[in-house]
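Notes for the structure review
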Amino acid sequence: MESSKSFCTFCGLVVTVVGIGGGSAAAADGYVAGVAVILISIPLAGLCFALALGD
């Protein structure tokens, strides 16, 4: 059970860093898809953290 919690936390951190970082870089280059990546990654990271806290 503890490894599942760690895995969900790790996934949340990866999604946050990669999604927001990559999305910001794409948005800075003028790609509208970068904004979409940011908007998708925030709730996805929240879901991962919620799963980690819920276990």
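Structure first, text after, so check above.
Since we're looking at a predicted model, the values are computed, not measured.

About the criteria used
- Residues numbered from 1 in each chain as written.
- Predicted model: local features only at pLDDT ≥ 70, side-chain atom pairs only at ≥ 80, totals over all residues.
- Heavy atoms only, no water.
- Helix = DSSP H or I, 4+ residues; strand = E, 2+ residues; numbered from the N terminus.
- Rg over C-alpha atoms; globule rule 2.2 N^0.38 Å.
- Buried < 20%, exposed > 50% of the residue type's maximum accessible area, 1.4 Å probe, protein only.
- Contact = heavy atoms within 4.5 Å.
- Areas by Shrake-Rupley, 256 points an atom, 1.4 Å probe, with all protein chains shown as cover.
- Expected span 1.5 Å × (residues − 1).
- Disulfide = S-S within 2.5 Å.
- Patch = residues over 30% accessible without salt bridge, like charges linked within 9 Å, V, L, I, M, F, W, Y side chains within 5 Å.
- Salt bridge = Lys/Arg side-chain N within 4 Å of Asp/Glu carboxyl O.

1. Considerations on the overall build of the protein
Across its full length, the protein carries two helices and zero strands. In terms of overall dimensions, the protein is more spread out than a globule: its C-alpha atoms have a radius of gyration of 13 Å, far above the 10 Å expected for 55 residues. By its C-alpha atoms, the protein is 45 × 15 × 10 Å across when sized along the principal axes. The proportion of buried residues among the 55 residues of the protein is 18%. Within the protein, contacts between residues at least 6 apart in sequence are counted, and of these 56% link residues at least 24 apart. Summed over all atoms, the accessible surface of the protein reaches about 3700 Å², with 78% contributed by carbon and sulfur.

2. Side note on helix α2 (residues 32-54)
Over its 23 residues, α2 extends 34 Å from the first C-alpha to the last, a length consistent with the 33 Å expected when each residue adds 1.5 Å. Among all positions of α2, only G34, I38, S41, A45, C48 and A52 are buried.

3. Some points on the state of the cysteines
Under the defined criterion, the tally for this structure stands at zero disulfides. For C8, which is in no disulfide, the shortest distance to another cysteine sulfur is to C48 and amounts to 6.3 Å. Residue classification places C8 among the buried residues on the basis of a relative accessible area of 12%. There is no disulfide at C11, and the cysteine sulfur nearest it, in C48, is 5.3 Å away. Given a relative accessible area of 22%, C11 falls into the partly exposed group.

4. Here's the deal with a nonpolar patch on the surface
Together, F10, V14, V17 and V18 make up an exposed nonpolar region whose accessible area comes to about 390 Å². Relative to the helices and strands, V18 is located in helix α1 (residues 2-28). Judged by its relative accessible area of 55%, V18 falls in the exposed class.

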